[in-house]
Amino acid sequence: RRSWAEPWKIKMVEPLRVTTREERERALAEAGYNTFLLRSEDVYIDLLTDSGTNAMSDRQWAAIMLGDEAYAGSRNFYRLEATIQQYYGYRYVVPTHQGRGAEHLISRAAIRPGQYVPGNMYFTTTRLHQELAGGIFVDVIIDEAHDPQSLHPFKGNVDLDKLEALIRREGAQNIAYVSLAGTVNMAGGQPVSMANVRAVRSLCDRYGVRIFLDATRMIENAFFIQEREEGYANRSIAEILKEFCSYTDGAWMSAKKDALVNIGGWLAVNDAELFDELRNLVVVYEGLHTYGGLAGRDMEAMAVGIEESVQDDYIRARIGQVRYLGELLTDWDIPIVQPVGGHAIFLDARRFYPHIPQREFPAQTLAAELYLDSGIRSMERGIASAGRDPKTGDHYYPKLELTRLTIPRRVYTQAHMDVVAEAVKAVYDARAQTRGLRMVYEPKYLRFFQARFERL
Ligand code: F0G
């Protein structure tokens, strides 16, 4: 196979600052060993997240100039609405300021207190909004998803037996909806197959249960279906996306990921009554239903971003870059989640630091060490992110204890990926001397964002 390259070239650049080890020691101690509390100025290569960190195209920047900043009825809203209807296929659209704004609204509108919300692994903000609405989240992902070494091609799949057992045990009327995510973030960016969503649909139809999709990274999911699933090699990303969405009753999206913008989100459903309620709620929490907390220009940039995101050559280059980094690390026998997913490389902190017990935050430790070594910022996705069980008050102890190297879209070059791989290797080579962390400050909600740690 001949090499691929990005289907774009660079028009504008942003200088990066390289710091000394002493500067990084100071910055990290001030940040309580939490990479979320570092100043971006003190970071060299920022792989904290792929959220809102995308580079927009010249077309998107041009779209920014077309902002219609009317309070009501902005023309940018109607363009965004039409774009979502065209590519995702849902009937009714509600804009929100970002993904969790949409999660808040759908959770309030579609969950009655005490109802169960089965999902293919939890996501932090998603589960919190479900719990705040009185729902009880139940993980129904296949077992392989919890095993970083399983090579299952669709580790995001729902385990149909787990789902059906829950519905039978609790009764369909006690299931709010199935919360289905495309490329499951916490599992390592692992996709759901078309066969699986189709099967979930027919199971849910038998019991009268709705399915709502977290479409945040559905474009990346569509790429894996095209690549791996029989019958889809010659279908376009846009066709695959639309078919997948057609098996669900609605979706929400953090547009800060796949839609190639820096801010934005939306919620879309097919049911007119539910839409009516969502459109009413958005006015309370986000803004009028034709802007949902966004400027007109942001909605315009999002519409253009959606059109760019479904281009086959774009998504091939995007996932190709993530894979390139994964292959370098695999060649050096560094433990990562396999197969490499859509948006990030997940270092397996359990195997990286077998001598650090989970309650001493191995993945948080790894993120701290990587920053100290080279100014690269990553993120913990393990016990700190998992938080506490609201019933028992104890930590959740997730099977996966991971450190995420998240690749922003269209931002870094292949040489940056080489530097990242070498830094991970340096930290890996020094692993025997590394000690864990103790949490000294713990916020009540989504603690990983603001928690503080000390070295043990
Ligand atoms: N759903 C998924 C799958 C996400 O990854 C995120 C955000 C959200 C919903 C919430 O959207 O941030 O726009 O409010 N994930 C970011 C991350 C924060 O770094 O993975 P938001």
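Residues numbered from 1 in each chain as written. Predicted model: local features only at pLDDT ≥ 70, side-chain atom pairs only at ≥ 80, totals over all residues. Heavy atoms only, no water.

Chemist: Go over the overall build of the chain, please, and point to the residues and values.
Modeler: Across its full length, the chain carries 16 helices and 14 strands. Taken over the C-alpha trace, the chain has a radius of gyration of 21 Å; the compact-globule value for 456 residues is 23 Å, and the two agree within 12%. Each of the 456 residues in the chain was classed as buried or not, and the buried ones make up 59%. Here the contacts in the chain between residues at least 6 apart in sequence split such that 73% fall between residues at least 24 apart. (Helix = DSSP H or I, 4+ residues; strand = E, 2+ residues; numbered from the N terminus. Rg over C-alpha atoms; globule rule 2.2 N^0.38 Å. Buried < 20%, exposed > 50% of the residue type's maximum accessible area, 1.4 Å probe, protein only. Contact = heavy atoms within 4.5 Å.)

Chemist: Go over the environment of Gly326, please, and point to the residues and values.
Modeler: Along the chain, Gly326 turns up in helix H12 (residues 312–331). Gly326 gets classed as buried once you look at its relative accessible area, which sits at 1%. The residues touching Gly326, leaving out its near neighbours within four places in the chain, are Ile336, Val340 and Ile345.

Chemist: Please give an account of the pattern of salt bridges that cites residues and values.
Modeler: Inspection of the entire model under this criterion finds 35 salt bridges. Arg377 is paired through a salt bridge with Asp46; the nearest N and O atoms lie 2.8 Å apart. One end of the pair, Arg377, is in strand E10 (residues 376–377); the other, Asp46, is in strand E1 (residues 45–46), with 331 residues separating them in the sequence. Accessibility assignment for this pair places Arg377 and Asp46 in one class, buried. One salt bridge connects Glu308 with Arg410, and the closest N-O pair in it is separated by 2.9 Å. Residue Glu308 is found in helix H11 (residues 296–309), and its partner Arg410 is found in the loop between strand E12 (402–406) and helix H16 (414–429); the two are separated by 102 residues along the sequence. By relative accessible area, Glu308 is classed as buried at 16%. Through salt bridges with shared partners, a single ionic network connects Asp50, Arg217, Glu220, Asp258, Arg318 and Arg409. (Salt bridge = Lys/Arg side-chain N within 4 Å of Asp/Glu carboxyl O.)

Chemist: Describe unusual backbone geometry, with residues and values.
Modeler: Between Gln338 and Pro339 the backbone carries a cis peptide bond, its omega angle lying at -10°. When you line up the elements, Pro339 lands in the loop between H12 and strand E9 (344–348). Residues other than glycine seldom take positive phi values, yet Met121 does so here, at roughly 75°. Of note in the backbone geometry, Thr183 takes a positive phi value of approximately 25° without being a glycine.

Chemist: So what about the side chain of Gln60? Which residues, and what values?
Modeler: Within the secondary structure, Gln60 is located in helix H2 (residues 58–64). The exposure class of Gln60 is buried, given its relative accessible area of 0%. With residues near it in sequence (within four places) discarded, Gln60 still touches Ala55, Ala259, Leu260, Val261, Ala301, Val304, Gly305, Glu308 and Arg410.

Chemist: Can you tell me about the site of the ligand, naming the residues and giving the values?
Modeler: By nearness alone, 17 residues border the ligand, and Thr49, Arg100, Asp214, Ser254 and Lys257 come closest of all. Residue Asp214 places a side-chain N or O atom 2.6 Å away from a nitrogen atom belonging to the ligand. Side-chain polar atom of Ser254 to an oxygen atom of the ligand: 2.7 Å apart, as the coordinates give it. When the ligand is considered free in solution it has 470 Å² of accessible area, and contact with the protein chains removes 96% of it. A total of 3 residues in the shell around the ligand trace back to one element, the largest contributor, which is helix H4 (residues 99–110). (Near = heavy atom within 4 Å. Polar contact = N/O pair within 3.5 Å; in protein donor to acceptor, adjacent residues only side chain to side chain. Areas by Shrake-Rupley, 256 points an atom, 1.4 Å probe, with all protein chains shown as cover.)

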